[in-house]
Amino acid sequence: MAMSKTIYITTPLYYVNAAPHIGHSYTNVAADCLARYHRLKGHEVFLLTGTDEHGQKIAQAAAAAGQLPQVFVDSVVERFVALWKTLNVAYDDFIRTTQPRHTNAVQAILTKLYQDGTLKRASYQGWYCTPDETFWTEAELAAGVPSRTGTPAPPHAERGAPGSVAGAPPLCPSCQRPLESAKEEGWYLPLRAYQAWLVSFVRANPMFVRPESRYNELASLLKQPLPEHLCITRPKSRVSWGIPVPFSPDHVTYVWFDALLNYITVPGYVSDPEQFLRLWPADVHFIGKDILRHHAVYWPIMLHALGLSDDRMPKLIFAHGWWKIGEQKMSKSLGNIVDPSVVIGELLKGQPYAPDVYRYFLLREVPFGQDGNFSEEAISTRLESDLANDLGNLVNRTLSMIERYCDGRIPSAAPPGCAVEDEPLRQAATALPSVIDQAMARLDFSIALDAIMSVVSQANRYIESQAPWQLAKTSHTTRLHTVLNVLAEVLRIVAVGLEPFMPSVATAIWEQLGLEGAPQQLCDVARWPGIPPGQNIGTRQVLFPRTEAAATS
Ligand code: MSP
């Protein structure tokens, strides 16, 4: 029997040198949203996240905390696990690169490449960026490689390289921080030898990288000659915190080489060929734009070097933008990070669905792929206008009228069913699943949410125009029942559509409608009607109460 391919979605593995911040949560919320959407469509999904636990940067952070690296990473990883739990990120597996299932597989892969004769032993003089864990050759600095923002960094000589400003080290072309001189003596993976293949692969697969701006960045990066090799080992004398290289006792594995491999070690490239066939290739690698080069250049070259054919390359790498504070990127080293647990626990204090408000903000505020500015005002505004005034109000008004006028039982539409004035709303609601499908196919999370929220606004306007309270006063009972039925059906569809974005809110709306279980299938929500006639509504609850924090902002 042919196995059906599982939708395989990954996130980057986060460095555990410090606690998670909103940038990390952004990638995981987006990945979780897509995974939930596919589950709602009835697809098999495998969502993988985890932590990147090796390398100099982690070893330095552990030393600064006065702890052994393993003890240190064991404690920091808990903060990531706890945040994903708070944010309802329903991953299927969590990989830590220090786990034997990963380290053993990495060693097996290294041995294979060594035995194939793919890896070369050599020595290069160059520059190292510890925060980025990236080695730069003199030639790369001189060429002025594209920076993480996509704008080519100025060539070496303009940036105060040694020789231009006495003694000053050159700056990292990627993050603009000073580099350290380094001699990399070790094992190298050829890059330039595979460049022609990569160029033609990228050309033949215009959807390999999204958004388009990042695809163009990759295309222009590939117009320059790639460095001859990528050093995939580190001397133990300098960095001991890494996976030992089986055939070279003086070396550990370069942290990026080790970490990227997680995407195939977990599905079972080495240990479980059957599962590997079912999962691989990845359908979406979610990353931030800062790590495009690693994912769109090194990673496919690594897979190609391992002998994977073009149809076994990742289907899509989506590189989202940055959350900034003012005009600066939020980062641990700049010290301007926003801690998601502070946003949820303090700014959104008193909100029963604070994690969902946070998820909504991240996915609605900024078109996925672009940079965004984080501010407390922006999140409070979204909470008040979109969630409390629009969505919360619609749920509250609809259910309180059903309670008041229909003894808490959802009325059926009176024959002949919907009237002309109900049609636009009914049509907008039943069209919602296909509008969501189109947006999600492009990972346009904000557009999908916008479509859901515009049905919500339309339903609020419908309440105003139909004025159910007038119908109740004037004993137009059949019409009153139809209007309330239309509103309940709209809420049912909205709840399902919202599930990937705000899973707890969606379930709460579902339960308030008195429906069983949780919203589960997107395909049958467009059926109309979908609520059993005369069904009792559940316990009512205000979804987005006005709290002091919101009121004073
Ligand atoms: N460990 C590597 C990834 C290895 S993947 C095999 C790494 N880790 S990281 O913790 O530094 O950052 C990982 C990701 O966090 C970024 O790619 C991005 O997805 C996210 N973000 C970190 N800072 C961010 C912002 N300020 N804004 C948005 N996302 C950013 O790189």
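This write-up is about the structure you can find in this document. Small disclaimer: the values here were computed from a predicted structure and weren't measured.

## Here we look at the overall build of the protein chain
Inference 1: Of regular secondary structure, the protein chain possesses 20 helices and 15 strands.
Inference 2: Its C-alpha atoms give the protein chain a radius of gyration of 27 Å, near enough to 24 Å, the size a compact globule of 553 residues would have.
Inference 3: Projecting the C-alpha coordinates of the protein chain onto the three principal axes gives extents of approximately 90 × 60 × 45 Å.
Inference 4: For the protein chain, buried positions account for 58% of its 553 residues.
Inference 5: Expressed as a percentage of contacts within the protein chain between residues at least 6 apart in sequence, the contacts between residues at least 24 apart total 77%.
Inference 6: In the form shown here, the protein chain has an accessible surface area of approximately 21800 Å², with 53% of it arising from carbon and sulfur atoms.

## What about the packing of helix 14 (residues 376-406) against helix 16 (residues 445-466)?
Inference 1: Where helix 14 contacts helix 16, the axes come no closer than 10 Å and their chain directions differ by 50°. Between helix 14 and helix 16, the crossing angle belongs to the class labelled oblique. As for the relative orientation of helix 14 and helix 16, their crossing is left-handed in sense. Residues D386, N389, D390, L391, N393, L394, R397, T398 and M401 of helix 14 form the contact with helix 16, whose own contacting residues are M453, V456, S457, A459, N460, I463 and E464.
Inference 2: Split by residue class, the contact of helix 14 with helix 16 holds seven nonpolar, five polar and four charged.

## As for the nonpolar core
Inference 1: Ranked by internal contacts, the top residues of the largest apolar core, which has 178 residues, are F286, L391 and F445.
Inference 2: Looking at which element gives the most residues to this core, the answer is helix 18 (residues 477-498), with 13 residues.
Inference 3: In terms of nonpolar packing, the next biggest core, distinct from the first, is built from seven residues, W127, L141, C172 and C175 among them.

## Digging into the state of the cysteines
Covalently bonding the sulfur atom of one cysteine to the sulfur atom of another cysteine gives a disulfide.
Inference 1: Enumeration according to the criterion identifies zero disulfides in this entry.
Inference 2: Cysteine C172 remains unbridged, with the sulfur of C175 as its closest cysteine sulfur at 3.8 Å.
Inference 3: Of the residues examined, C172 reaches a relative accessible area of 0% and is grouped as buried.
Inference 4: C129 provides the cysteine sulfur closest to C175, a residue in no disulfide bond, and the two sulfurs are 3.7 Å apart.

## Considerations on the pattern of salt bridges
Inference 1: The full count for this structure, using the stated rule, is 26 salt bridges.
Inference 2: One salt bridge connects R36 with E499, and the closest N-O pair in it is separated by 3.0 Å. Here R36 is found in helix 1 (residues 22-40), whereas its partner E499 is found in the loop between helix 18 and helix 19 (503-512), with 463 residues between them in sequence. Residue R36 shares its accessibility class with E499, and that shared class is buried.
Inference 3: It is possible to trace a salt-bridge network through shared partners that takes in D32, R36, R359 and E499.

## What about the side chain of T134?
Inference 1: Tracing the chain through its elements places T134 in strand 5 (residues 134-137).
Inference 2: Since its relative accessible area comes to 3%, T134 is described here as buried.
Inference 3: At 2.9 Å, the side chain of T134 and the backbone oxygen of D132 are in polar contact.
Inference 4: Ignoring sequence-local partners within four residues, the contact set of T134 consists of W127, Y128, C129, Y254, R293 and H294.

## Describing the pairing of strand 1 (residues 7-15)
Inference 1: Judged by how many residues are buried, strand 1 sits mostly within the fold: nine of nine residues are covered.
Inference 2: Where strand 1 meets strand 2 (residues 45-52), seven bridges bridge the pair, whose relative direction is parallel. Its bridge partner lying in strand 2, Y14 is registered against T51.
Inference 3: Note that strand 1 and strand 11 (residues 284-288) share two bridges and pair parallel.

## Quick word on helix 13 (residues 354-365)
Inference 1: Along its twelve residues, helix 13 runs 16 Å from first to last C-alpha, staying within 8% of the 16 Å computed at 1.5 Å per residue.
Inference 2: Among the twelve residues that make up helix 13, ten are buried, leaving the element largely enclosed by the rest of the structure.
Inference 3: Restricting attention to buried positions, one finds in helix 13 the residues A354, D356, V357, Y358, R359, Y360, F361, L362, L363 and R364.
Inference 4: Buried residues along helix 13 sit against helix 1, strand 13 (323-325), helix 12 (340-347), helix 14, helix 16 and helix 19.

## Section: the packing of aromatic side chains
Inference 1: Tallying each qualifying case throughout the model produces 23 aromatic pairs.
Inference 2: Judged by centre distance (5.8 Å) and plane angle (55°), the rings of Y8 and F46 are tilted. Residue Y8 is found in strand 1, and its partner F46 is found in strand 2; the two are separated by 38 residues along the sequence.
Inference 3: The exposure class assigned to F46 is buried, which follows from its relative accessible area of 15%.
Inference 4: Among the aromatic residues, those joined into a cluster by ring pairs are Y26, F286, F318, W323, F361, F368, F374 and F445.
Inference 5: The residue whose ring lies beneath R238 is Y128, and the NZ or CZ to ring-centre distance is 5.1 Å.
Inference 6: When the ring centre of W528 is taken as origin, the NZ or CZ atom of R426, which lies over that ring, is 5.8 Å away.

## Notes on the sheet that holds strand 2
Inference 1: Overall, parallel pairing links the six strands, which are arranged 3-2-1-11-12-7 in an open sheet. Single-partner strands in this sheet number two, and they are strand 3 (93-96) and strand 7 (209-210).

## Considering the site of the ligand
Inference 1: Taken together, 24 residues sit near the ligand, with L13, T27, D52, W323 and M330 positioned nearest.
Inference 2: At 3.4 Å, a side-chain N or O of H320 approaches an oxygen atom of the ligand.
Inference 3: Among the secondary structure elements, those contributing two or more residues to the shell around the ligand are strand 1, helix 1, helix 8 (255-260) and strand 11.
Inference 4: In terms of residue count, strand 1 provides more of the shell around the ligand than any other element does, four residues in total.
Inference 5: Taken together, the residues of the shell around the ligand break down into 13 nonpolar, eight polar and three charged.

Rules used in this analysis
Residues numbered from 1 in each chain as written. Predicted model: local features only at pLDDT ≥ 70, side-chain atom pairs only at ≥ 80, totals over all residues. Heavy atoms only, no water. Helix = DSSP H or I, 4+ residues; strand = E, 2+ residues; numbered from the N terminus. Rg over C-alpha atoms; globule rule 2.2 N^0.38 Å. Buried < 20%, exposed > 50% of the residue type's maximum accessible area, 1.4 Å probe, protein only. Contact = heavy atoms within 4.5 Å. Areas by Shrake-Rupley, 256 points an atom, 1.4 Å probe, with all protein chains shown as cover. Axes fitted to C-alpha atoms, helices over the stretch in contact; angles between N-to-C directions. Parallel < 35°, antiparallel > 145°, perpendicular 65-115°, else oblique. Left-handed = near helix turned anticlockwise from the far one by under 90°. Nonpolar A, V, L, I, M, F, W, Y, C, P; charged D, E, K, R; others polar. Core = buried A, V, L, I, M, F, W, Y, C linked by side-chain atoms within 4.5 Å. Disulfide = S-S within 2.5 Å. Salt bridge = Lys/Arg side-chain N within 4 Å of Asp/Glu carboxyl O. Polar contact = N/O pair within 3.5 Å; in protein donor to acceptor, adjacent residues only side chain to side chain. Pairing = 2+ DSSP bridges. Expected span 1.5 Å × (residues − 1). Phe/Tyr/Trp six-rings, centres within 6.5 Å; stacked < 30°, edge-to-face > 60°. Lys NZ or Arg CZ within 6 Å of the ring centre and 35° of its normal. Near = heavy atom within 4 Å.

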